[in-house]
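# Chain and residue survey
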Amino acid sequence: MKTMLLATVVTAAFALPAMAADAVSAPPEAPLPVDNPAPVPFTWSGPYLGVQGGGSWLSGDFTLGGVRSRESFDGGVLGAFAGFNHQFDNNFVAGIEGDIGYTWNESDVQGLGDAGSDVSGAVRARLGYAVDRALIYGAAGWTAASGYTDIPGVTKESGTMNGYTVGAGVDYAITDGMFGRVEYRFNDYGKKDIGPSTFDMKDNRVTVGVGVKF
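Throughout this document, residue positions are counted from 1 along each chain, in the order its sequence is written. At least 70 in pLDDT is required for a residue's local features to be given in this predicted model, at least 80 for side-chain atom pairs to be given and counted, and no such filter applies to totals for whole chains, interfaces and linings, which use all residues. No hydrogens and no water enter the side-chain calculation; it runs on all heavy atoms of the structure.

- An unreviewed UniProt entry lists the protein chain under the name Porin family protein, with Ectorhizobium quercum given as the organism.
- UniProt positions are given in the numbering used here, feature names are shortened, and annotations may be inferred rather than shown by experiment. What UniProt states about the protein chain under its Subcellular location (unreviewed entry) heading is, verbatim, "Cell outer membrane".

## Structural notes on the overall build of the protein chain
- For the purposes of this entry, the term helix denotes a DSSP run of H or I that reaches at least four residues, the term strand denotes a run of E that reaches at least two, and both are numbered from the N terminus. Assigned secondary structure in the protein chain consists of one helix and eight strands.
- Helices and strands in the protein chain line up, N terminus first, as α-β-β-β-β-β-β-β-β.
- Working definition: with a 1.4 Å probe on protein chains only, accessible area under 20% of the residue-type maximum means buried, over 50% means exposed, and in between means partly exposed. Split into buried and exposed, the 214 residues of the protein chain put 38% on the buried side.
- In the protein chain, the proportion of contacts linking residues at least 24 apart, taken out of those at least 6 apart, comes to 62%.
- Each accessible area is a Shrake-Rupley result for a 1.4 Å probe, and residues are judged covered by the shown protein chains and nothing else. By element, 66% of the accessible surface of the protein chain is carried by carbon and sulfur atoms, the whole surface being about 12400 Å². A contact between two residues is defined here by any heavy atoms of the two lying within 4.5 Å.

## Some words on the pairing of strand 7 (residues 178–194)
- In terms of strand pairing, strand 6 (residues 155–173) meets strand 7 through 10 bridges, oriented antiparallel. Within strand 7, the position partnered with V170 by the bridge is V182.
- If you look at the hairpin formed by strand 6 and strand 7, you'll find four residues sitting between the two strands.
- A pair of strands is considered paired only if DSSP assigns at least 2 bridges between the two. Taking the residues between adjacent antiparallel strands as the criterion, strand 7 and strand 8 (residues 197–213) are bridged by two residues, where G195 takes a positive phi near 60°.

## A short note on the environment of D193
- Tracing the sequence through the fold places D193 in strand 7.
- The exposed category is assigned to D193, whose relative accessible area is 55%.
- Sequence separation between D193 and S158 is 35 residues, and the spatial gap between their C-alpha atoms is 9.5 Å.
- Here the side chain of D193 touches T198 through a polar contact of 2.6 Å, side chain to side chain. Definition of a polar contact: a pair of N or O atoms within 3.5 Å, with one able to donate and the other able to accept a hydrogen when the atoms are protein atoms, and with sequence-neighbouring residues admitted only if both atoms are side-chain atoms.

## Here's the deal with the sheet that holds strand 3 (residues 92–109)
- If you trace the eight strands once around the closed barrel, you get 1-2-3-4-5-6-7-8, paired in antiparallel fashion. Across this sheet, the average inter-strand angle for adjacent strands is 20°, counted without regard to direction.
- Relative to strand 6, strand 5 (residues 134–151) runs antiparallel, the two being bridged by 18 bridges. Following the sheet pairing, Y137 is matched in strand 6 by G169. Angular values range over 0 to 180 degrees, each being the angle between N-to-C directions of two axes fitted as lines to C-alpha atoms, with helices fitted over their stretch in contact.

## With respect to the pairing of strand 1 (residues 46–64)
- With 19 bridges connecting them, strand 1 and strand 2 (residues 67–87) associate as antiparallel partners. Among the inter-strand pairings, P47 is bridged to a residue of strand 2, identified as F84.
- Joining the antiparallel neighbours strand 1 and strand 2 is a turn of two residues, in which G65 adopts a positive phi near 60°.
- Taken together, the 17 bridges between strand 1 and strand 8 define a ladder with antiparallel strand orientation. The residue bridging V51 from the neighbouring strand is V210, located in strand 8.

## Describing empty space enclosed by the protein
- Cavities and pockets are defined on a 1 Å grid built over the protein atoms alone: a cavity is a set of grid points where a 1.4 Å probe fits but cannot escape, while a pocket is an open set with protein on both sides within 12 Å along at least five of seven lines, and lining residues are those with an atom within 4 Å of any such point. Grid points are joined across faces, edges and corners, and a volume is the space filled by probe spheres set on the points. Using the criterion set out here, one finds one cavity of 30 Å³ or more in the structure.
- In this structure, the largest cavity spans a volume of roughly 100 Å³.
- Q52, V77, R185, R205 and T207 are the residues nearest the centre of the largest cavity, which is lined by 13 residues in total.
- Of all elements in the fold, only strand 1, strand 2, strand 3, strand 7 and strand 8 reach the threshold of two or more residues within the lining of the largest cavity.
- Residue composition of the lining of the largest cavity, by class: four nonpolar, five polar and four charged. In this classification, Asp, Glu, Lys and Arg are treated as charged, Ala, Val, Leu, Ile, Met, Phe, Trp, Tyr, Cys and Pro as nonpolar, and every other residue, Gly included, as polar.

## Description of the packing of aromatic side chains
- Think of it this way: a Phe, Tyr or Trp ring, Trp meaning its six-membered ring, pairs with another when their centres are within 6.5 Å, and the plane angle makes it stacked under 30 degrees, edge-to-face over 60, tilted otherwise. Applying the stated criterion across every chain yields a total of 10 aromatic pairs.
- Here the aromatic rings of F62 and F199 are separated by 5.0 Å at their centres, their planes lie at 90°, and the arrangement is edge-to-face. Separated by 137 residues along the polypeptide, F62 in strand 1 and F199 in strand 8 bring together distant segments of the chain.
- A residue is classified by how much of its surface remains accessible, and F199, at 1% relative accessible area, is buried.
- An aromatic cluster of three or more residues is present, and its members are F42, W44, Y48, F81 and F179.
- Of note, R133 hangs over the ring of F42, and the distance from its end group to the ring centre comes to 4.9 Å.
- Whether a charge sits over a ring depends on NZ of Lys or CZ of Arg being within 6 Å of the ring centre and within 35 degrees of the ring normal. If you follow R181 out to its NZ or CZ, it ends over the ring of F81, 4.2 Å from the centre.

Here it is as structure tokens:
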């Protein structure tokens, strides 16, 4: 009897720790960390195109039949632009851009007939600085515009005026592939004889636009 009791006590002494170990489950292993790739920084590099519109204030000296007058041909402008940018590591951005548009710049001159400008375009070099998603830039280059004189019953002539353009603006990336634009531009078309008229015109423009970057 004593032997059986002793055997029972020994068996219980070894079994209890094993049962306790089984009752307490081991804590689950911590999940491995998931690598989150760093976000790709936005860049202005690459080609783009867009549309723009606004106001054009064309004015200057106009001579017809030897009579010189100061004329204004104010109107709206609507057009398209396309270009290419390259952004450097220091956030400076250099590029080239071309645009073409139609302007509604027409007025009665000297009570004789209509004159003004319609189609215009430019090719410009751009240099800017990127501040996050905003690109502040200046631009300069060559510009041209079609001028015309329409004197009923006398003559209807048109010609191309050439000059230079300078301006500045801000592009802002709304998404990685779309941006908005606000720009001011000064165009000097120089002096041009068109039929019996001489144009010596300068143009101030303010436009807003939206573009797509590829």
